[in-house]
Structures are given as structure tokens and as C-alpha cells.
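Below are the chains, spelled out letter by letter.
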Amino acid sequence: MRIGIVCHPSIGGSGLVATQLGLGIAKQGHEVHFISRTRPFKLLEDLDNVHFHSVEAIHYPLFTDPLYTFALTAKIVEVAEQYQLDVVHAHYSIPHSLCAYLACEISQHKFPTITTIHGTDVTVIGQDKPLYPLNQFSINKSDKVTTVSAFQSEYIKQNFEISNPIEVIHNFIDLAVFTPDNASTDVRRTLAGDDEKIIMHVSNFRAIKNTQAVVHAFNIVQQQLDARLVLLGSGPDVDGLKVECRRLGIIDKVSFLGDVTHVESYLANADCVIQPSYKESFSLVVLEAMASAVPTVTSNVDGIPEVMQDGVTGLMTEPDNIEQLAAHTVTILSDDHLQQTMGQAGRLRAAQLFNPEEKIAQYLATYSEAIDEFSVSQSC
Ligand code: GMT
């Protein structure tokens, strides 16, 4: 198959899943065309059958913005016609789903479109009043719709009028990349002293990630055991967190590492990962921690219970229950046997339920079905 993949290039779960999927498909011999503003941040391998097409912004004095959706639609048309794409897969519905639909309408070469809904494209910005009808329209125009958790599928059905079936294809993890073998004494020593536990949090530091709870829970934990908090990622809430850490007098125990390309080399050195999000369709970070054999303390919202198993791979509570988030973290960190058992259970669960071969096969089957059905109907 010749497959177009449209995704956001910046650090984040949807672009990461799109990239891992595209590379996995290419390794099976299919031709993959990534279409994005810049090269997706994890598209690090060069394979002969993987192509990247950058969307050039449209600059013209009349326009005050670069007309990204126009530019993207034009690029999908160009790539579809030039490479005779069999299917275009839009990751994150806004604006990709609508651009893929318009491209098919405009292109001389017709193709079916697949939309994968990742989370905030329907739960946050997708709920924005002016965008809502566009989002609903474009999802309905997709030949196939998939999403990353059963929670998310239910959410879409309850909040949008979607006539298509919504297929659940959970995200997946490469256990060779996210492995406890990445643990390194050298890296660990750059993060903490030998007697200190490492608590880690990874996110884009937005309101829904509830990072104030991370810091407040850590404040309680560090009064009971020697620990450091290591924060990976960047976003609008970082500056406020630094202020809060200073106010609490814990700034010297908190490291703000910013964005890192190889999160796997940090995660394996954590003793516990804490993710108390208010919203989370899936939580790739929780899966990455599990694969790295690191126990997680999480909120009990949305798709998270489909990923981690409370009491087995980690411990859960309500996002705003700071005392409980801290108590769970202390429970894990003060019992080496429990920490190890939960870590191993997480890796086993990741291997059993979130296996790349199976999920990639599911996507390929969805593409084949879309192509077959499309060739019968021959309409966008
Ligand atoms: O979490 C974010 O804000 C980023 C967002 C994205 O599009 O990159 O993540 C969403 O997609 C990920 C991959 O499918 C999921 O693991 C995240 O749970 C989901 N985020 C939310 O639903 C908030």
C-alpha cells in the first residue's frame, strides 16, 4: 500500500503514535508518506520507503497568518496525485481530518481517509463552539474512524453525532526501546544522589496535566523520604511551577529538564512515575513507564484504567487527592519489593496488551477495508 500519514510534528503522543505506526508499516514493505509542518520529532530513521513532505506556510502580505490548513490541504493533494496514495490517515482530527477530506474532494486522484482521534481533539479544542461543527463534519466524512481507548470511543459517541462505527485501537509500545535495561548509574547520578529516590513526571505542562498536584504531592513525599522530583517536558505551566517550588522551599529538590528526544533513557532511571491528569484518553507516558518496569501513581480518569492496573502495576486515586497521591508514592518508594513487583507487572502488561505487531496489523486491516469499500463506492 501507499499510505499518507498526516500528523502534528511536535513532541506529543499523537505525533509519536503516528510516527511509530508509519515506521512499523514501512518495515513491512509498504510505502509511507508523512505530511507535516516539519519533520515529526521522532522520525529519526531513514528508510527508502519512508518519505517526508513538509507543508510550506503560505506567506502573502494580504494574509495575517500562514493559512496552514490551506497549505496542508494543497500538500495532501500534491502528494496523493504524485504518489497515487491508496489511503490517507489523519492523526488528531483538528485540522487534519478536514484537510484530508477536502484534499480528496479536490484531487484528481481519489483515496479513502482514516481519522484517528487522540484525545484533546475532541475533549478540549474539539469542544470549542466554532470548531465543533467542523470537527463533527470531518469525522463523519472519514471513511474509517479509530480512537485510542474504549473510554474515548464512548466519549465521542456521547458528545458528537457520528454515524461511522468507531474502532478502538489502543496505543502500543516498543519493548526494545522502552526497557529497564536503559537504567544507567551514570545518568541516575546526574539526576539524584545515591540515597535519593527519583520521582518522575512527563508532560506538556498544560492545565489538564494537573502538574500543581505533582509538586504538592512531592512536597509531602520528600518530608517522609529522601527523594528528588524530575520533570520532563515543557509547556505553559512550567514557570508557575518553579514559583510554587520556591514558595514551598523544595526548588533544590526539583529538576526541570525540559523537552528530551529520548525519554526512554530517563524513564528507566525513575523509581516511580506520577501522572495525575484531569483528562487522558490513554496516557502514553504511563505505558512507557510500565514498559520501562517503573510503577506509576496516576489519576483514575478516562482511559488511564485501560492502560495501568490499579494495585498491580501502580496505584490510582482522584486527580485532586494530593494526600493520596503522596501516600501512594510513599507506599511504593518505601517498599523495594513492591516497587520491583509492580514494575515487572507493568512490563508484562505492556507486552501482553500493547504489542506493536498486533496494533499495526489492526491499522493495516482497517486501511485494507477502507480501500476495498472505497473502490466499490468511489466517492469521498
Ligand atoms: O496529552 C496531550 O495533551 C497530548 C496529546 C497529543 O495529541 O499528543 O495526547 C493525546 O494523545 C496521546 C496519544 O494517543 C494519548 O496518550 C494522550 O492520553 C492524549 N492526551 C489527552 O487525552 C489529554
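Whatever comes next refers back to the structure up there.
Residue positions are given per chain, counted from 1 along the sequence in the order it is written. In view of the model being predicted, local features appear only for residues whose pLDDT reaches at least 70, and side-chain atom pairs are presented and counted only at 80 or more, with totals across whole chains, interfaces and linings using the full set of residues. The basis for the side-chain values is all heavy atoms of the structure; hydrogens and waters are excluded.

## Some thoughts on the overall build of the protein
Only runs of H or I of at least four residues qualify as helices and only runs of E of at least two qualify as strands under DSSP, and these elements are numbered from the N terminus. When helices and strands are counted, the protein shows 15 helices and 13 strands. Values of the radius of gyration come from C-alpha atoms, whereas the globule rule sets the reference at 2.2 Å times the count of residues to the power 0.38. On C-alpha atoms alone, the protein measures out to a radius of gyration of 21 Å, which is about the 21 Å that the 2.2 N^0.38 rule sets for 380 residues. Oriented by its inertia axes, the alpha-carbon framework of the protein measures out at about 65 × 45 × 40 Å. For the accessible areas, the method is Shrake-Rupley and the probe is 1.4 Å, while residue cover comes only from the protein chains on display. With the model as given, the accessible surface of the protein reaches about 15,900 Å², and the carbon-plus-sulfur share is 51%. For the charge count, each Lys or Arg is scored as positive and each Asp or Glu as negative, with His and the chain ends excluded. All charge positions are set by atom: Lys at NZ, Arg at CZ, Asp at CG, Glu at CD. Averaged over its 25 positive side-chain charges, the protein has a centre that lies 3 Å from the centre of its 45 negative ones.

## Describing the sheet that holds strand 11 (residues 272–275)
Read across the sheet, six strands follow the order 10-9-8-11-12-13 without closing on themselves; strand pairing throughout is parallel. Strands with a single pairing partner mark the edges of an open sheet, and in this sheet they are strand 10 (254–258) and strand 13 (314–317). The sheet shows a mean angle of 20 degrees between the axes of neighbouring strands, taken without regard to direction. When strand 8 (residues 197–202) meets strand 9 (residues 227–232), the two strands line up parallel, connected through six bridges. Among the inter-strand pairings, I199 is bridged to a residue of strand 9, identified as L229. Packed onto the sheet, helix 8 (residues 211–221) meets strand 8, strand 9, strand 10 and strand 11 and runs at close to 165 degrees relative to strand 9. Two strands make a pair as long as DSSP finds a minimum of two bridges between them. Only the stretch in contact is used when a helix axis is fitted, and all axes are lines through C-alpha atoms; the angle between N-to-C directions ranges over 0 to 180 degrees. Whether two residues are in contact is decided by their heavy atoms, any of which lying within 4.5 Å being enough.

## Describing the site of the ligand
By nearness alone, 18 residues border the ligand, and G13, S14, H118, K209 and E280 come closest of all. Each polar contact in these results corresponds to two N or O atoms within 3.5 Å; when the atoms are within protein, one needs to be able to donate a hydrogen and the other to accept it, and residues that are neighboring in sequence are counted only if both atoms are side-chain atoms. With respect to the ligand, the side chain of K209 contributes an N or O atom lying 2.6 Å from an oxygen atom. Interatomic distance of 3.0 Å between a backbone N/O atom of S283 and an oxygen atom of the ligand. When the free accessible area of the ligand is taken as 480 Å², the share hidden by the protein chains comes to 92%. In terms of residue class, the shell around the ligand is built from five nonpolar, 10 polar and three charged. Where each domain starts and ends follows an automatic or database-derived domain assignment. Among the domains, domain 1 (2–172 + 355–379) and domain 2 (180–353) are the pair contributing at least three residues each to the shell around the ligand. Near is defined per residue: the residue qualifies when any heavy atom it owns lies within 4 Å of the molecule or strand. Three classes are used, and their members are as follows: Ala, Val, Leu, Ile, Met, Phe, Trp, Tyr, Cys and Pro are nonpolar, Asp, Glu, Lys and Arg are charged, and the others, Gly among them, are polar.

## With respect to unusual backbone geometry
Cis peptide bonds are those with omega within 30 degrees of zero, and the linkage from I94 to P95 qualifies with -5 degrees. With a phi angle near 80 degrees, Y92 is a residue other than glycine that sits in the positive phi range. With respect to the helices and strands, Y92 occurs in the loop between strand 4 (87–91) and helix 3 (93–106). Of the residues examined, Y92 reaches a relative accessible area of 12% and is grouped as buried. Despite not being glycine, F205 shows a phi value in the positive range, around 45 degrees. Mapping F205 onto the fold places it in the loop between strand 8 and helix 8. Judged by its relative accessible area of 0%, F205 is buried. For each residue, the accessible area found with a 1.4 Å probe, counting protein chains only, is set against the maximum for its type, and the residue is called buried under 20%, exposed over 50%, and partly exposed in between.

## Quick notes on the environment of T329
Within the fold, T329 resides in helix 13 (residues 322–333). T329 sits 148 residues away from D181 along the chain, and the two C-alpha atoms are 23 Å apart. Sequence-distant contacts of T329, that is, excluding residues within four places in its chain, are made with I199, V221, C272, I274 and V297.

## Things to note about the side chain of T296
Its place among the elements puts T296 in strand 12 (residues 296–299). The residues contacting T296, other than those within four sequence positions of it, are V273, V286, A289, M308, T313, G314, L315 and I332.

## Let's talk about the state of the cysteines
Any two cysteine sulfur atoms lying within 2.5 Å of each other are counted as a disulfide. In total, this model carries zero disulfides according to the counting rule given. No disulfide involves C245; its sulfur sits 17 Å from that of C272, the nearest cysteine. On the basis of relative accessibility, which here comes to 0%, the residue C245 falls in the buried class.

## Comments concerning the sheet that holds strand 3 (residues 50–54)
The strand order across the open sheet built from seven strands is 3-2-1-4-5-6-7, with neighbouring strands paired in parallel fashion. At either end of the open sheet lies a strand with only one pairing partner, and these are strand 3 and strand 7 (166–168). This sheet shows a mean twist of 25 degrees between the axes of neighbouring strands, independent of strand direction. One ladder, built from four bridges, connects strand 5 (residues 113–117) with strand 6 (residues 144–147); its direction is parallel.

## A short note on the packing of helix 8 against helix 9 (residues 238–248)
Relative to each other, helix 8 and helix 9 sit at 20 degrees, their axes nearing to 10 Å. When the axes of helix 8 and helix 9 are compared, the pair comes out roughly parallel. Helix 8 and helix 9 meet at a crossing whose hand is right-handed. For the pair helix 8 and helix 9, contact is made by T211, Q212, V215, H216 and N219 and by G240, L241, E244, C245, R247 and L248, respectively. Should an angle lie under 35 degrees it is considered roughly parallel, over 145 roughly antiparallel, and from 65 to 115 roughly perpendicular; all remaining angles are considered oblique. By convention the crossing between two helices is left-handed if the near helix lies anticlockwise of the far one by an angle smaller than a right angle, and right-handed if it lies clockwise.

## Quick word on helix 2 (residues 68–83)
Note on helix geometry: an α-helix contains 3.6 residues per turn, so any two residues three or four positions apart are oriented the same way. Here the expected span of a helix is defined as 1.5 Å times the quantity of residues minus one. For helix 2, spanning 16 residues, the distance from its first C-alpha to its last is 22 Å, which sits close to the expected 22 Å at 1.5 Å a residue. Next to the buried residues of helix 2 lie strand 1 (2–6), strand 2 (31–36), strand 3, strand 4 and helix 3. Count one or two residues on from helix 2 and you reach Q84, which has phi positive near 50 degrees.

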